[in-house]
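# Topology and contacts: notes
For reference, the chains in residue letters:
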Amino acid sequence: LGRLEKFKRYPSGAQARRQQGAPYIRFVMDRDGKVMSSTLERSSGFSALDQEATSLPRRAQPFPKPPPDVAGDTIELVVPVEFYMK
């Protein structure tokens, strides 16, 4: 989540319209931290926020390699991407 947060961009149009929300994304990465796919799991209700959330994992790659005790050739994660005004 920290890596995603570092690369997250609040869409300017959504920010101007004071749109807030937390879309959930599902992304799959390989053992080297390369993103293989990213899809919207649950919408925020705002397309600009949803689009930014689904494009975020590819921009943030490569992710840290998973520890050896995490099994499988790929790792699938479902995470929230929070967009809230401060």
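Look a little higher up for the structure.
Procedures and definitions
- Residues numbered from 1 in each chain as written.
- Predicted model: local features only at pLDDT ≥ 70, side-chain atom pairs only at ≥ 80, totals over all residues.
- Heavy atoms only, no water.
- Phe/Tyr/Trp six-rings, centres within 6.5 Å; stacked < 30°, edge-to-face > 60°.
- Helix = DSSP H or I, 4+ residues; strand = E, 2+ residues; numbered from the N terminus.
- Buried < 20%, exposed > 50% of the residue type's maximum accessible area, 1.4 Å probe, protein only.
- Lys NZ or Arg CZ within 6 Å of the ring centre and 35° of its normal.
- Pairing = 2+ DSSP bridges.
- Axes fitted to C-alpha atoms, helices over the stretch in contact; angles between N-to-C directions.
- Contact = heavy atoms within 4.5 Å.

## A few points about the packing of aromatic side chains
For the structure shown, the criterion picks out two aromatic pairs. Where Tyr 10 meets Phe 83, the ring centres are 5.4 Å apart and the plane angle is 80°; that geometry is what we call edge-to-face. In this pair, Tyr 10 is assigned in the loop between helix 1 (2-7) and helix 2 (12-16) and Phe 83 in the segment after strand 3 (74-80), connecting sequence segments 73 residues apart. Judged by relative accessible area, which is 0%, Phe 83 ranks as buried. The residue whose ring lies beneath Lys 8 is Phe 83, and the NZ or CZ to ring-centre distance is 5.3 Å.

## Regarding the pairing of strand 1 (residues 24-30)
Of all seven residues that make up strand 1, five are buried, and the element is covered over most of its length. With six bridges joining them, strand 1 and strand 2 (residues 35-42) adopt antiparallel strand pairing. Residue pairing across strands places Tyr 24 opposite Arg 42, the latter belonging to strand 2. Adjacent in sequence and paired antiparallel, strand 1 and strand 2 are bridged by four residues, among which Gly 33 carries a positive phi angle near 90°.

## Some details on the sheet that holds strand 2
Across the sheet, three strands lie side by side as 2-1-3; this open sheet has antiparallel pairing. Lying at the two open borders of the sheet, with one neighbouring strand each, are strand 2 and strand 3. Looking at each pair of strands side by side, their axes are set apart by 20° on average, direction ignored. Across the sheet, helix 3 (residues 47-60) touches strand 1 and strand 2, and the angle it forms with strand 2 is around 155°.

So far we have only geometry, and geometry alone does not tell us how the molecule works.
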